[in-house]
Amino acid sequence: MIQPGMSGTAVAADPAPPAERLPRRRGIEFTLIVVAVLLCVYGYCAVGLAKNGTVPPGAAGYGAGLGVLALLAHVAVRLRAPHADPLLLPIAVLLNGLGLVLIYRLDLETPTDQAAPIQLIWSTLGVAFFIVAVLFLRDHRVLQRYTYVSVVCALALLVLPIFFPAVNGARIWIRIAGFSIQPGEFAKVLLAVFFAGYLAANRNALAYSGRQIWRFRRLQLPTGRVLGPIVAIWLLSVLVLVLERDLGTSLLFFGLFVILLYVATGRTGWIAVGLLLACVGAVAVGRLEPHVHSRVQDWLDPFASIAAGRGPNQLAQSLFAFAAGGMLGTGLGLGHSILIGFAAKSDFILATAGEELGLVGLSAIFLLYALLVERGYRAGLALRDPFGRLLAIGLASIVALQVFVIAGGVTGLIPLTGMAMPFLAQGGSSVVTNWIIVALLIRISDCARGQYDGTPAP
């Protein structure tokens, strides 16, 4: 089977696997959704009992609202993506519901700053986008037509916050009349579409194995002729880092491209080049840009502010919260992570989970993310078309990179960034984008599983 590439050349698709009828498993999906909703309602009630000794008056409304949203999403999948992976939607529901519980728990410490109701509205909007994508995007390959339109829109979204005032030292938000969005969140998906389309069309040229610049044993660096694309992306990611002072977006942007480049070509040399360029860019900007430099200093010595008599900074408070949680945690509603300050509901919400759910609960959350990423990779590897494979792996890698960057930042593994934990953290743009990612993965997994039982791609 031959498919046309973006450059007009033919791109050979992988041979079709033998026919195999796979069960639809929509009943399993529904059962898991019910369990996810019940777990979230239990957490909501546990917070109220711990703080006030009574079940919160809004528990029934919260459970009903989350249940209706999950049911509508399930119906959309049952109607338009009957072969989709049955784990993707329940995992998204559980993570989103748990995020609402943690934000509500922190709202009890800040009566003048109630974020849970707004986050529920954004979650509703995210599910609405999910339903629209599942119902009306019948074939993921349609997105390949908009490869270059996607990158133009993504770059516009990345540049737009530069013209607005910085918030907490970073220029990644747009705030108009009290309403704020983070355009970089939506740019992630558009960049994944562009990278998948570009690499699917040019993977043979990028995998060209002519004269090598440098070779050591089995490690081969690419030729100079094909280094242009990755150097251009590296320079663009560094430019984003300098102008917006946002280390997280830069790492995500560049890391996504390197991962997809390796998947498209199978050459380990791209990984070596990517790591080298990432380190050079991070070290240079970390020394020259004051905001990034201060975060690097806090990472190198998180307790320096205590020794200087200024009290613990955010990273130190986060480490204290993880330490206080121990193995089983203090229990929902019984922690003190609100001492972290203004970012407790956003950047540092993982510290609340670590303190109140302990290492066991935190490990369960990480396993949910790992399972979500694994199912995305599985759907991509099962596809025959290169674009769909790269898109699925790219979308799953976005989640994986975000979790690594955020978890590494709040635990002191890497310098802190300003990104939002997928589904858990406060942030409307983030939760909407993550629901769109799950919708696309469901569409791709439906095509991957449906193609094996004789059902053609819609």
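Position labels on residues start from 1 in each chain and follow its written sequence. Where local features are concerned, this predicted model is filtered to residues with pLDDT of at least 70; where side-chain atom pairs are given and counted, the filter is 80 or more; whole-chain, interface and lining totals use all residues. Side-chain figures throughout are based on the complete set of non-hydrogen atoms in the structure, without hydrogens or water.

> Tell me about the overall build of the chain, residues and numbers included.
For the purposes of this entry, the term helix denotes a DSSP run of H or I that reaches at least four residues, the term strand denotes a run of E that reaches at least two, and both are numbered from the N terminus. Tallying secondary structure elements over the chain gives 15 helices and six strands in all. Within the chain, residue pairs in contact and separated by at least 24 positions form 73% of the contacts whose partners lie at least 6 positions apart. Taken as a whole, the chain presents about 19,800 Å² of accessible surface, with 69% of it coming from carbon and sulfur. Note on definitions: a residue-residue contact is assigned when non-hydrogen atoms from the two residues lie within 4.5 Å. To measure how exposed things are, a 1.4 Å probe is used in the Shrake-Rupley method; for residues, cover is taken only from the protein chains shown.

> I'd like a rundown of unusual backbone geometry, residues and numbers included.
Positive phi values are uncommon outside glycine, yet Phe 423 reaches one of about 70°. Within the secondary structure layout, Phe 423 lies in the loop between helix H14 (386–410) and helix H15 (428–450).

> Kindly report on the nonpolar core, identifying the contributing residues and their values.
What we call a nonpolar core is a set of buried Ala, Val, Leu, Ile, Met, Phe, Trp, Tyr and Cys residues that are connected through their side-chain atoms within 4.5 Å. Burial classes follow relative accessibility: with a 1.4 Å probe on protein chains only, a residue under 20% of its type's maximum area counts as buried, one over 50% as exposed, and anything between as partly exposed. Ranked by size, the top nonpolar core spans 124 residues in total, and within it Phe 130 and Leu 395 carry the most contacts. Take this core: its biggest share by element is 15 residues, from H14. Excluding residues that lie within four positions of it along the chain, Phe 130 makes contacts with Ala 73, Val 77, Leu 89, Trp 435, Val 438, Ala 439 and Ile 442.

> Can you break down the packing of H14 against H15 residue by residue, with the values?
For helices, the fitted axis covers only the stretch in contact; all axes are lines through C-alpha atoms, and the angles between them, taken along N-to-C directions, range from 0 to 180 degrees. One way to put it is that H14 packs onto H15 with a least axis distance of 10 Å and a crossing angle of 145°. Relative to H15, the crossing made by H14 is left-handed. Contacts between H14 and H15 involve Gly 388, Leu 391, Ala 392, Leu 395, Ile 398, Val 399 and Gln 402 from the former and Asn 434, Ile 437, Leu 440, Leu 441 and Ile 444 from the latter. Left-handed describes a crossing in which the near helix is turned anticlockwise from the far one by less than a right angle; the clockwise case is right-handed.

> Break down a nonpolar patch on the surface for me, with residues and values.
For patch building, the residue pool is restricted to those with more than 30% relative accessible area and no salt bridge; the joining distance is 9 Å between like charges and 5 Å between nonpolar side chains (Val, Leu, Ile, Met, Phe, Trp, Tyr). Salt bridge, as used here, is a side-chain nitrogen of Lys or Arg placed within 4 Å of a carboxyl oxygen of Asp or Glu. Where nonpolar side chains cluster on the molecular surface, the patch consists of Phe 30, Val 34, Leu 38, Leu 71, Val 75 and Leu 79 and spans about 530 Å² of accessible area. In this fold, Phe 30 is placed in helix H1 (residues 26–52).

> Help me get a handle on the pattern of salt bridges, residues and values and all.
Taken as a whole, this structure holds twelve salt bridges when the rule is applied. Note that Arg 26 is salt-bridged to Glu 29, the shortest N-O span being 3.0 Å. Taken together, the positions of Arg 26 and Glu 29, both in helix H1 and three residues apart, correspond to about one turn of that helix. Assessed through its relative accessible area of 0%, Glu 29 is described here as buried. A salt bridge links Asp 107 to Lys 345; the shortest N-O distance between them is 2.6 Å. Pair noted here: Asp 107 is in helix H3 (residues 88–107) and Lys 345 is in the loop between helix H12 (314–325) and helix H13 (349–382), with a separation of 238 residues, a long-range link. Exposure remark for Asp 107: the relative accessible area of 2% places this residue in the buried category. Here Lys 345 falls in the buried class, since its relative accessible area comes to 5%. What you see here is one network of salt bridges that share partners, running through Lys 51, Arg 105, Glu 109 and Glu 356.

> An account of the side chain of Arg 375 is needed here, citing residue identities and associated values.
Tracing the chain through its elements places Arg 375 in helix H13. Setting aside residues no more than four positions away along its own chain, Arg 375 makes contact with Asp 85, Leu 87 and Leu 88.

> Explain helix H2 (residues 59–80) to me, using residue names and the numbers behind them.
Expected span of a helix: the number of residues minus one, times 1.5 Å. Over its 22 residues, H2 runs 32 Å from end to end, which matches the ideal 32 Å to within 8%, given 1.5 Å per residue. Restricting attention to buried positions, one finds in H2 the residues Ala 59, Tyr 62, Gly 63, Leu 66, Leu 69, Ala 70, Ala 73, His 74, Ala 76 and Val 77. Along the long axis of H2, the arc covered by the buried residues comes to 165°, so they all point the same way. Turned more than 90 degrees away from the buried face of H2, the exposed residues are Ala 60 and Leu 79. This arc is taken over the directions from the axis of the helix to the C-beta atoms.

> I'd love a proper account of the side chain of Lys 188, names of residues and values included.
Within the secondary structure layout, Lys 188 lies in helix H6 (residues 183–206). Separated by 2.5 Å, the side chains of Lys 188 and Gln 402 make a polar contact. For Lys 188, the residues in contact, after removing those within four places along its chain, are Leu 252, Leu 256, Ile 398, Gln 402 and Thr 433. Two N or O atoms count as a polar contact when they lie within 3.5 Å, although within protein this holds only if one can serve as hydrogen donor and the other as acceptor, and sequence-adjacent residues are included solely when both atoms are side-chain atoms.

> Now, about H14: what can you tell me, with residues and values included?
Taking 1.5 Å of rise per residue, 25 residues should cover 36 Å, and H14 covers 36 Å from first to last C-alpha, within 8% of that figure. Among the 25 residues of H14, 23 are classified as buried, and the element is accordingly described as predominantly covered. Positive backbone phi, approximately 85°, marks Gly 412, located one or two places after H14.

> Can you break down the confidence of the model for the chain residue by residue, with the values?
The predictor attaches a confidence to each residue, called pLDDT, with possible values from 0 through 100. Residues of the chain with pLDDT of at least 70 account for 83%, and the chain-wide mean is 83. Scored below 50 in pLDDT, residues 1–12 makes 29 contacts in the model with residues more than four places away or belonging to other chains. Counting contacts from residues 452–458, a segment whose pLDDT is below 50, to residues more than four positions away or on other chains yields 18 contacts.

> How would you explain the packing of aromatic side chains if you had to name every residue and give the values?
For Phe, Tyr and Trp, where Trp contributes only its six-membered ring, two rings pair if their centres lie within 6.5 Å, and the inter-plane angle classes them as stacked under 30 degrees, edge-to-face over 60, or tilted in between. The tally for this structure, following the rule as stated, stands at ten aromatic pairs. Aromatic side chains Phe 194 and Tyr 198 sit 5.9 Å apart centroid to centroid with 25° between the ring planes, which places their arrangement in the stacked category. Taken together, the residues Phe 194 and Tyr 198, both in helix H6 and four residues apart, mark about one turn of the helix. Judged by centre distance (5.5 Å) and plane angle (80°), the ring pair of Phe 423 and Trp 435 falls under edge-to-face. Taken as a pair, Phe 423 in the loop between H14 and H15 and Trp 435 in helix H15 lie far apart in primary sequence, twelve residues in all. Residue Trp 435 is classed as buried on the basis of its relative accessible area of 2%. Feature note: the residues Tyr 148, Phe 194, Phe 195, Tyr 198, Phe 253 and Phe 257 constitute an aromatic cluster, connected by ring pairs.

> Quick rundown of the environment of Ile 121? Include the residues and the values.
Considering the arrangement of structural elements, one finds Ile 121 in helix H4 (residues 116–136). According to the relative accessible area criterion, Ile 121 is exposed, its value standing at 60%. Each C-alpha atom, one on Ile 121 and one on Gly 428, is 8.4 Å from the other, the two residues being 307 residues apart in sequence.

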